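Coordinate analysis (summary)
Chain residues, written in single-letter form:
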Amino acid sequence: MDYRKLGPSGTVVTAYCLGTMTFGAEADEAASHKLLDDYFAWGGNFIDTADVYSAGKSEEIIGRWLKARPTEARQAIVATKGRFPMGNGPNDIGLSRRHLGQALDDSLRRLGLEQIDLYQMHAWDALTPIEETLRFLDDAVSSGKIAYYGFSNYVGWHIAKASEIAKARGYTRPVTLQPQYSLLARDIELEIVAACQDAGMGLLPWSPLGGGWLTGKYKRDQMPTGATRLGENPNRGSESYAPRNAQERTWAIIGTVEEIAKARGVSMAQVALAWTAAQPAVTSVILGARTPEQLADNLGAMKVELSNGEMAKLNEVSAPQPMDYPYGKGGTNQRHRKIEGGR
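Residues numbered from 1 in each chain as written. Predicted model: local features only at pLDDT ≥ 70, side-chain atom pairs only at ≥ 80, totals over all residues. Heavy atoms only, no water.

- Per an unreviewed UniProt entry, the chain goes by the name Aryl-alcohol dehydrogenase-like predicted oxidoreductase and belongs to Rhizobium binae.

**Description of the overall build of the chain**
- For the chain, the helix and strand inventory stands at 14 helices and ten strands.
- Relative to the globule expectation of 20 Å for 343 residues, the C-alpha radius of gyration of the chain, 20 Å, shows essentially globular dimensions.
- Dimensions of the chain, computed from the C-alpha atoms along their principal axes, are close to 55 × 50 × 35 Å.
- The buried share of the chain, reckoned over its 343 residues, is 52%.
- Looking at the chain alone, contacts between residues at least 24 apart form 75% of all its contacts between residues at least 6 apart. (Helix = DSSP H or I, 4+ residues; strand = E, 2+ residues; numbered from the N terminus. Rg over C-alpha atoms; globule rule 2.2 N^0.38 Å. Buried < 20%, exposed > 50% of the residue type's maximum accessible area, 1.4 Å probe, protein only. Contact = heavy atoms within 4.5 Å.)

**Things to note about helix α11 (residues 268–277)**
- For α11, the tally of buried residues reaches ten of ten residues, placing the bulk of the element in the interior.
- What α11 keeps buried is the set Met268, Ala269, Gln270, Val271, Ala272, Leu273, Ala274, Trp275, Thr276 and Ala277.

**A look at the side chain of aspartate 138**
- Considering the arrangement of structural elements, one finds aspartate 138 in helix α5 (residues 130–143).
- Buried charge aspartate 138 goes without a salt bridge, the closest partner of opposite sign being arginine 135 at 4.8 Å.
- Sequence-distant contacts of aspartate 138, defined by excluding residues within four places in its chain, comprise Tyr171 and Thr172. (Lys, Arg positive; Asp, Glu negative; His and termini not counted. Salt bridge = Lys/Arg side-chain N within 4 Å of Asp/Glu carboxyl O.)

**Re the sheet that holds strand β8 (residues 176–178)**
- Overall, parallel pairing links the eight strands, which are arranged β9-β8-β7-β6-β5-β4-β3-β10 in an open sheet. Looking at strand neighbours, the two that pair on one side only are β9 (202–203) and β10 (285–287), the edges of this open sheet. (Pairing = 2+ DSSP bridges.)

**Some words on the packing of helix α2 (residues 57–68) against helix α4 (residues 97–111)**
- Orientation of α2 relative to α4, taken along the N-to-C sense of each, is 45 degrees, at an axis distance of 7 Å. Between α2 and α4, the angle falls in the class oblique. Touching Glu59, Glu60, Ile62, Gly63 and Leu66 of α2 are Ser107, Arg110 and Leu111, all from α4.
- Split into classes, the residues belonging to the contact of α2 with α4 amount to three nonpolar, two polar and three charged. (Axes fitted to C-alpha atoms, helices over the stretch in contact; angles between N-to-C directions. Parallel < 35°, antiparallel > 145°, perpendicular 65-115°, else oblique. Nonpolar A, V, L, I, M, F, W, Y, C, P; charged D, E, K, R; others polar.)

**A word on the pairing of strand β6 (residues 116–121)**
- Among the six residues of β6, six are classified as buried, and the element is accordingly described as predominantly covered.
- Note: strand β5 (residues 77–82) against β6, four bridges, orientation parallel. Within β6, the residue paired with glycine 82 across the bridge is methionine 121.
- Note that the unit made of β5, α4 and β6 has a crossover that is right-handed. (Right-handed = clockwise from strand over helix to strand, strands pointing away.)

**Observations concerning the packing of helix α6 (residues 156–169) against helix α7 (residues 192–199)**
- Axis separation between α6 and α7 bottoms out at 8 Å; the angle between their running directions is 15 degrees. In terms of axis orientation, α6 runs roughly parallel to α7. Like other packed secondary-structure pairs, α6 and α7 cross with a definite hand, here left-handed. Listed contacts from α7 to Gly156, Ile159 and Ser163 of α6 are Ile192, Ala195, Cys196 and Ala199.
- The class makeup of the residues in the contact of α6 with α7 is five nonpolar, two polar and no charged. (Left-handed = near helix turned anticlockwise from the far one by under 90°.)

**A short note on the packing of aromatic side chains**
- Applying the stated rule across the entire model yields nine aromatic pairs.
- Ring plane angle 65 degrees and centroid distance 5.2 Å describe the contact between tryptophan 124 and tryptophan 157, whose orientation is recorded as edge-to-face. Pair noted here: tryptophan 124 is in the loop between β6 and α5 and tryptophan 157 is in helix α6, with a separation of 33 residues, a long-range link.
- Through successive ring pairs, a cluster of aromatic residues spans Trp124, Tyr149, Phe151, Tyr154 and Trp157. (Phe/Tyr/Trp six-rings, centres within 6.5 Å; stacked < 30°, edge-to-face > 60°.)

**Re helix α1 (residues 29–41)**
- The end-to-end C-alpha distance of α1, which contains 13 residues, comes to 18 Å, matching closely the 18 Å that a straight helix rising 1.5 Å per residue would cover.
- The set of residues buried in α1 consists of Ser32, His33, Leu35, Leu36, Asp38, Tyr39 and Phe40.
- Elements in contact with the buried residues of α1: β2 (12–14), β3 (16–19), β4 (46–48), α2, α3 (70–75) and α12 (292–299).
- Where α1 starts, the residue carrying a side-chain oxygen 3.3 Å from the main-chain nitrogen of alanine 30 turns out to be aspartate 28.
- Two residues or fewer past α1, glycine 43 is found with a positive phi of approximately 105 degrees. (Expected span 1.5 Å × (residues − 1). Polar contact = N/O pair within 3.5 Å; in protein donor to acceptor, adjacent residues only side chain to side chain.)

**Structural notes on the state of the cysteines**
- Counted by the stated rule, this structure contains zero disulfides.
- Cysteine 196 forms no disulfide, and the closest cysteine sulfur to it belongs to cysteine 17, at a distance of 16 Å. (Disulfide = S-S within 2.5 Å.)

**So, the pattern of salt bridges**
- Inspection of every chain in the model, using the stated rule, returns 15 salt bridges.
- Of the charged contacts, one joins glutamate 258 and lysine 262 as a salt bridge, the two residues approaching to 3.4 Å between their closest N and O atoms. Here lysine 262 and glutamate 258 lie together in helix α10 (residues 248–264), a separation of four residues that amounts to about one turn.
- Using a relative accessible area of 62% as the deciding quantity, one classes lysine 262 as exposed.
- When the shortest N-O distance is used, the salt bridge between glutamate 259 and lysine 313 registers 3.2 Å. Of this pair, glutamate 259 sits in helix α10 while lysine 313 sits in helix α13 (residues 308–318), and the two are 54 residues apart along the sequence.
- Residues joined in a network through salt bridges with shared partners are Arg97, Arg135 and Asp139.

Take a look at the structure:
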C-alpha cells in the first residue's frame, strides 16, 4: 500500500480507503466483515462510513468488527460523517451544535470508540452559522471525541469561508474534503481543488469509478439490468443512465480507459482509480466495493502507475468543458499574468 498523510495532519493513511455505504444494505454483516478482513489483509488502514448509511447499521457493523479484531482495530483510521436526517424532527438534521452533539455521541456508541479519527460534515447547512459548527468541532477536538475534522460536498466558497474563520478564531482547522471526483466528474478542478490546496486540505474522492461507468459494465445501446447500482435504479442521482449515455464525452472517456487497460493487461477500474489517485491534493481514494472480487480488482490499482503519455490521453479526453467565463479560457486568462509583463 502507498501511504499518505491525512491532509496536513501527521496521521498516515493508505492511498485507498474502504467505503462502507453498502454495509447493512447491499452487503449483510458477514459480507461486510469479509470485505473489512480482505481490505486489511491487503494492508489497508482507512475506513469511511457515515451515520446515515443504512440508518446507523454501517457504523454498528464496523463497530462489531473492530471489537472482534483488536489487532486491526489498533491500526484502523476510522472516518464517519454527520449532518443528514437521523430522525423526523426539525433538530434531527443539520450542523447545529445540538444535532452534531447527539450525532457524534451516537456514532461513537455505534462504532464502540472513544475517539473518531476523522469526523466529517456530510454537506453544507445553510441554516446554521458556520461559526457555530466550527466552535462545536473545535470543542470536540479539545474534549478528545474526535482527532480531526473535514467536510464533504462543500463548494469553493464554503471551504474558503470555513477555513479562514477557523484560522481567525484560533480554532482547529479542517484537514480534508470528500467530493465526487472521477474521470467523468472533474468539475471540482474549476475551483474546489484550488480552494482545498489554498487551505492545505487533502481530497478524499468518492465515486472514483463514476458509479460503475468506468468499469465498462454499462453499454451504450443497452439499459442496465441486474445486480448493479444502475441495474437496480437506472435513475440513480448524478450517475443515472440516460443523461450520461447521451453525452459523447462519456463514451470517449470510457473508450480511452478501455484502450489503456487492454494495452496494459489490467482492468478498466484499475486504470480509472490509478488516474484519480495520481491527482494533486488527493489523500486517499474511497472504494465502494460490494464483493471481495470487486475489492481485490480495485486494490490492484495500487500496482498501476500510468505513464505521462497515458495521463495526457486521459486528461485530454476527460477535460471539464466549462463555458468561456468564468471558468473557461476567457475567465482563466484574466486571473494570470506573464512575469515579464505584456499581453
